[in-house]
Amino acid sequence: MSATLAPEEDAPNTRYRPSQRILHWLMAIVILSALVIGLYCSYLVPSTPQRQALLDIHKSLGMTALFLIAIRLPLRLSLGEPAYRQPLDGFNHYAARGAHILLYALMILMPLAGYTTSAAGGRDLPWFGLFEWPNLLPLDRPLARAAAEVHKYGAYCLYAVVSLHILAALWHHFFRKDEVLRRML
Ligand code: HEM
Ligand code: HEM
């Protein structure tokens, strides 16, 4: 799927477009913050004011991710990805592609599962204290519990895939010294 460029070719397209890079880093900050706060909340006693306050921030970050992925995915489908000067070998190519597809799937699944947990559980859906997102679901405790399970196991997957993704990016940059990280900078 990825095109290759002759080295002498003047290639403005060897990096992701500015809009794609901005969305990648913005979403990376938002999602990593949501993951850390969500993980911390899972160790706090339920219903305490501190947990509620942190969960409100967590939900706000998660809904921000849902909003941003709704922009990012159509952009990715229409703009595609930049060409590589040096194509990745078969294993790296398929590993990167598989990881990216999984990351996109989790970036959609996690906010939707979180939204369903809160909405079907009849809980608040705040956005940084500025407004409430509409609750589109009827009160349904079994659905809320099922969504919470999906949210929890989705989070385990996300920890694993994001850790591999970050390690892979650093490995490419510092050990293989190739263009992979620069494509996103
Ligand atoms: C990218 C988006 C998100 C990520 C990475 C994420 C991650 C997490 C993590 C790691 C936890 C702790 C594990 C657990 O106990 O389930 C958690 C819990 C939670 N998240 Fe999210 N979350 C996201 C979006 C959302 C959204 C959009 C909402 C609601 C609007 C939400 C609501 C909750 C709630 C209510 C809990 C506590 C679950 C419980 O008490 O059983 N999350 N989240
Ligand atoms: C320090 C953190 C991160 C670093 C260093 C990093 C680095 C990179 C790099 C270098 C690429 C381009 C790879 C290539 O073109 O072959 C990339 C793409 C991507 N990253 Fe990250 N990333 C980070 C965090 C995240 C997080 C937290 C997520 C989402 C949960 C994420 C999701 C993605 C996705 C989906 C792509 C594919 C982009 C596309 O083709 O549209 N990244 N990342």
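Structure: above.
Remember, predicted model here, so these are calculated numbers, not experimental data.

J.: Just checking my understanding: could you explain the packing of helix H3 (residues 90-120) against helix H4 (residues 141-176) for this structure?
T.: Following both chains from N to C, one finds H3 and H4 inclined at 150 degrees, their axes separated by 7 Å at the closest point. In terms of axis orientation, H3 runs roughly antiparallel to H4. H3 and H4 meet at a crossing whose hand is left-handed.

J.: I'm lost on the coordination of the iron atom of ligand 2 in this one. Help?
T.: Here the iron atom of ligand 2 is held by His 24 (NE2) and His 165 (NE2), and the distances to it run 2.0 Å. Here the iron atom of ligand 2 binds 6 donor atoms, and the angle range of 88 to 179 degrees at the metal identifies the geometry as octahedral. Remark: His 165 occurs in helix H4 and His 24 occurs in helix H1 (residues 18-41); sequence separation between them is 141 residues. Accessibility expressed as a relative area gives 25% for His 165, which makes it partly exposed.

J.: When you look at the coordination of the iron atom of ligand 1 in this model, what are you seeing that I'm missing?
T.: Where a metal carries four tetrahedral donors, each ideal angle is 109.5 degrees; where it carries six octahedral donors, the ideal angles are 90 or 180 degrees. Those protein atoms acting as donors to the iron atom of ligand 1 are His 58 (NE2) and His 151 (NE2), and they sit at 2.0 Å. Note that the iron atom of ligand 1 binds 6 donor atoms; their angles at the metal cover 85 to 179 degrees, and the shape is octahedral. You can see His 58 sitting in helix H2 (residues 49-79) and its partner His 151 sitting in helix H4, a full 93 residues away along the chain. Overall, His 58 belongs to the buried group, its relative accessible area being 15%.

J.: Could you clarify how one ought to interpret a nonpolar patch on the surface in this entry?
T.: On the surface, Leu 32, Ile 166, Leu 170, Trp 171, Phe 174 and Phe 175 cluster together into a nonpolar patch covering about 620 Å² of accessible area. The dominant element in the nonpolar patch, judged by the number of residues it contributes, is H4, at 5 residues. Considering the arrangement of structural elements, one finds Trp 171 in helix H4.

J.: I would appreciate a short explanation of the site of ligand 1 in the present structure.
T.: Around ligand 1 sit 23 residues in total, of which Gly 38, Arg 51, His 58, His 151 and Tyr 159 are the nearest. A distance of 3.1 Å is found between an oxygen atom of ligand 1 and a side-chain nitrogen or oxygen belonging to Arg 51. Here a nitrogen atom of ligand 1 sits 2.7 Å away from a polar atom, N or O, in the side chain of His 58. Looking at the shell around ligand 1, the elements that each hand over two or more residues are H1, H2, H3 and H4. Residue contributions to the shell around ligand 1 peak at 6 residues, all from H2. Class assignment of the residues belonging to the shell around ligand 1 gives a composition of 12 nonpolar, 7 polar and 4 charged.

Thresholds applied
- Residues numbered from 1 in each chain as written.
- Chains lettered and ligands numbered in written order.
- Predicted model: local features only at pLDDT ≥ 70, side-chain atom pairs only at ≥ 80, totals over all residues.
- Heavy atoms only, no water.
- Axes fitted to C-alpha atoms, helices over the stretch in contact; angles between N-to-C directions.
- Helix = DSSP H or I, 4+ residues; strand = E, 2+ residues; numbered from the N terminus.
- Parallel < 35°, antiparallel > 145°, perpendicular 65-115°, else oblique.
- Left-handed = near helix turned anticlockwise from the far one by under 90°.
- Donors = N, O, S within 2.8 Å, 3.2 Å for Na, K, Ca; no water.
- Tetrahedral: all angles 85-135°; square planar, octahedral: opposite > 155°, others 65-115°.
- Buried < 20%, exposed > 50% of the residue type's maximum accessible area, 1.4 Å probe, protein only.
- Patch = residues over 30% accessible without salt bridge, like charges linked within 9 Å, V, L, I, M, F, W, Y side chains within 5 Å.
- Areas by Shrake-Rupley, 256 points an atom, 1.4 Å probe, with all protein chains shown as cover.
- Salt bridge = Lys/Arg side-chain N within 4 Å of Asp/Glu carboxyl O.
- Near = heavy atom within 4 Å.
- Polar contact = N/O pair within 3.5 Å; in protein donor to acceptor, adjacent residues only side chain to side chain.
- Nonpolar A, V, L, I, M, F, W, Y, C, P; charged D, E, K, R; others polar.

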